[in-house]
Every structure is written in C-alpha cells, then in structure tokens.
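As a plain string of letters, each chain reads:
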Amino acid sequence: MSKKLIISLSVCLGVIAVILILFWTLFALSTVEVEYHTTTKNLSLSNEEIVEAGKFSYGACVFFDGKSKYVENINSKASEKENFAYLEVVNIETVFPNRYIIHVAEREEVFAVKANSVFYVCDEDLRVLRIVDEFVSEKDNPILLENLTINNEVVRVGDFLDVEQTGVLTIYDELLRNNRTLIEQQGFIESISLGTNYVEVTDKTYISVTIKTFQGRTYVINNIDFALANKFQLMFAVDSVLFSNINSDGYLVDENGEIVCDRVFDDDGNIMTDENGDYLKGEPWTYQRILNSYVLIDNFVLNDYQEVSETDIFYNLVEF
C-alpha cells in the first residue's frame, strides 16, 4: 500500500472520527423544555412531569433520535395519571445543537358522549378526558352527543373512542370553518343525535344528525359525510332568516313582506296554479308552526349518472 493511500485513508478516518465525536457530543441531547400554545383550564401538570413522562434519551444524537416514541410515551401517561388526558403534544421541535422543545396545548371539552349509564367528556378527536355519571346540557358545557356507536370494549380516561360514525370527527372543524368558535358552538347547540337516512333511489343508507338548539329549534342534516361545511352554512343562514322574518302577527314573510305559504300539489305531485299561472297558496307559516317543525338539510341524490357538487344542497321545513 502506497504512502499516499495510507495518508488519504488516515485523513478520511480522522474526519469521520471528528464528525462522529461532534454528533455524539455537540449534538447529544442535553435539554428538554416545554412551551404552551394555549391557556390552561383543566390541565395542571408541571413542566417536569411532562418531560419525565416523555422518557427522553439524553445523550442521543438529535439527528438520529426518533421523536415519535416520546410523543407516544406522553400520550400513554394518561393511563397512570388522568390529568395527562388533557395534554396534547403539538410537536417536538429540535433546536440545534442539542435541545428539544415540547410544544403542547390543552385539549378542550367539546362533546359529552352518552354511553349507557355514563357520559364520556371528550375533545374534538373523541379522546376521553373524564368520565362522569351525570351530565346537564347547558350553554357553557360540552355538546351532548347521543346514539354514537362505540366499538371500544373498555373505555378509560385517555382512550380515543373508536366509533362507527366517523363523520362526527369532522363536526367541530366544519363548525370552525363557519366561524363558530367552541364557545359559540356550545352556546347554540344543545345536543346532537346520530341517526341514518335511507335513499331508496340508490339503495344506500347515510349517517344523519339531529341538532337541537337552546332556542328550541331542530335541524336534521342528512349525509354528514358530504358537504358538511356547506350544510352547516345553510343551517345558520336558515336559522337567521326563519326566525327574524316574522311579522307582528306572527307570520313568516318573504323579502317583499308577503306571507309565506305552503304550495298546493295535485295527486301526481305537481304544483297547482290558478288561471293566471300564480301558485295556489296553502297553509301559511306561523312562528308557532315553525317551532313545531324541523328543518331538513340534504344534498341532491348521489349517484353514478350525474355529478353533484358540494353546493347542490337544499332545505325543507317538515312538521313533526
């Protein structure tokens, strides 16, 4: 072996050795900190408790250290200490050369899921934050969620509910897209009940929700897995129009001040008109009649023969 080759190999080995030393000294994890991104209401953990729960490998090179295991360690801590259920790890940031920052937030109480004789108070991801025997639906409480099919054999604080109707996991976010904060959601919606609607034309069954408000109004939204954000938008628009366009005599009026009445149909389902071509008027809509009805919000029939967009939705007033 020539001297030049020996020198070259020695230099390469020396450089590699220096790099390895730097990796395992300069870039060796030495400090872990915690940074909150929300205020805390139910969360009462010290930074030391959170860091300790992560079981961090101090001295490991931050370049090669997988951080997902630390997140899992913190999440699983709820099985030992229930207050950890309220803790959400947003991410773990690497700050060079040798520091981690755990970015955390407090999980909010969004839903109270009724299940047999108990209620699971959950966040929007249906993580169980606490379990209570009694629950009262009030404007500053979580939204009551009923008739949810839960697949978990055993449910403990800190568990995520495994549910059949996965569309409920989008409800909170779709309401946010309609500029409704959690406080506004809880102040408007008293309860949400899961159900189904069968479409005979397509022989398909879809998940529906019945929403009851604190104002005594009922909305039924069919197929929550399609255009839910737009359906919520329509719900709020209808809620504003129906209950603000009431005249002094208690009748629902249109933009021209005319009393809104039912259409009259013949035996074949066609809308009937008079000799002048004007629609025949049926029973007028009063405020009390509206309260004794529910608003049905749905989309056009989904099939393989025509394209239906997320704006192809409608509403009807249906008496109980």
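Calculation notes
- Residues numbered from 1 in each chain as written.
- Predicted model: local features only at pLDDT ≥ 70, side-chain atom pairs only at ≥ 80, totals over all residues.
- Heavy atoms only, no water.
- Axes fitted to C-alpha atoms, helices over the stretch in contact; angles between N-to-C directions.
- Helix = DSSP H or I, 4+ residues; strand = E, 2+ residues; numbered from the N terminus.
- Parallel < 35°, antiparallel > 145°, perpendicular 65-115°, else oblique.
- Left-handed = near helix turned anticlockwise from the far one by under 90°.
- Contact = heavy atoms within 4.5 Å.
- Nonpolar A, V, L, I, M, F, W, Y, C, P; charged D, E, K, R; others polar.
- Buried < 20%, exposed > 50% of the residue type's maximum accessible area, 1.4 Å probe, protein only.
- Polar contact = N/O pair within 3.5 Å; in protein donor to acceptor, adjacent residues only side chain to side chain.
- Salt bridge = Lys/Arg side-chain N within 4 Å of Asp/Glu carboxyl O.

A.B. asks: Explain the packing of helix α2 (residues 47-54) against helix α3 (residues 68-76) to me, please; I cannot follow it from the model alone.
C.D. replies: In a pair of packed helices, the angle between the axes and the distance between the axes together describe the arrangement. Direction vectors running N to C along α2 and α3 enclose 120°, while the axes themselves pass 7 Å from each other. Taken together, α2 and α3 sit at an angle that is classed as oblique. For the pair α2 and α3, the crossing hand works out as right-handed. Along the contact surface, α2 presents Ile 50, Ala 53 and Gly 54, while α3 presents Tyr 70, Asn 73 and Ile 74. Across the contact of α2 with α3, the residue classes tally to four nonpolar, two polar and no charged.

A.B. asks: How do you make sense of the side chain of Asn 178 when you look at a structure like this?
C.D. replies: Within the element layout of this structure, Asn 178 appears in the loop between α4 (171-177) and α5 (182-188). In this structure Asn 178 comes out as buried when scored by relative accessible area, which is 11%. In this structure the side chain of Asn 178 is engaged in a polar contact, spanning 3.0 Å, whose partner is the backbone oxygen of Ala 229. Beyond its immediate stretch of four places on either side in the chain, Asn 178 contacts Ala 229, Phe 232, Gln 233 and Phe 236.

A.B. asks: Help me understand the pattern of salt bridges in this model?
C.D. replies: Opposite charge on two side chains permits them to pair, given that their charged atoms come into close proximity. Following the criterion strictly, the structure yields 13 salt bridges and no others. With a closest N to O distance of 3.6 Å, Arg 107 and Asp 125 form a salt bridge. Note that Arg 107 is positioned in the loop between β3 (99-106) and β4 (111-115) and Asp 125 in the loop between β5 (118-122) and β6 (128-132), a separation of 18 residues in sequence. Owing to a relative accessible area of 7%, Arg 107 belongs among the buried residues under this scheme. Among the residues examined, Asp 125 registers a relative accessible area of 35% and is labelled partly exposed. Taken together, the salt bridges that share partners define one network made up of Asp 262, Glu 283, Arg 289 and Glu 319.

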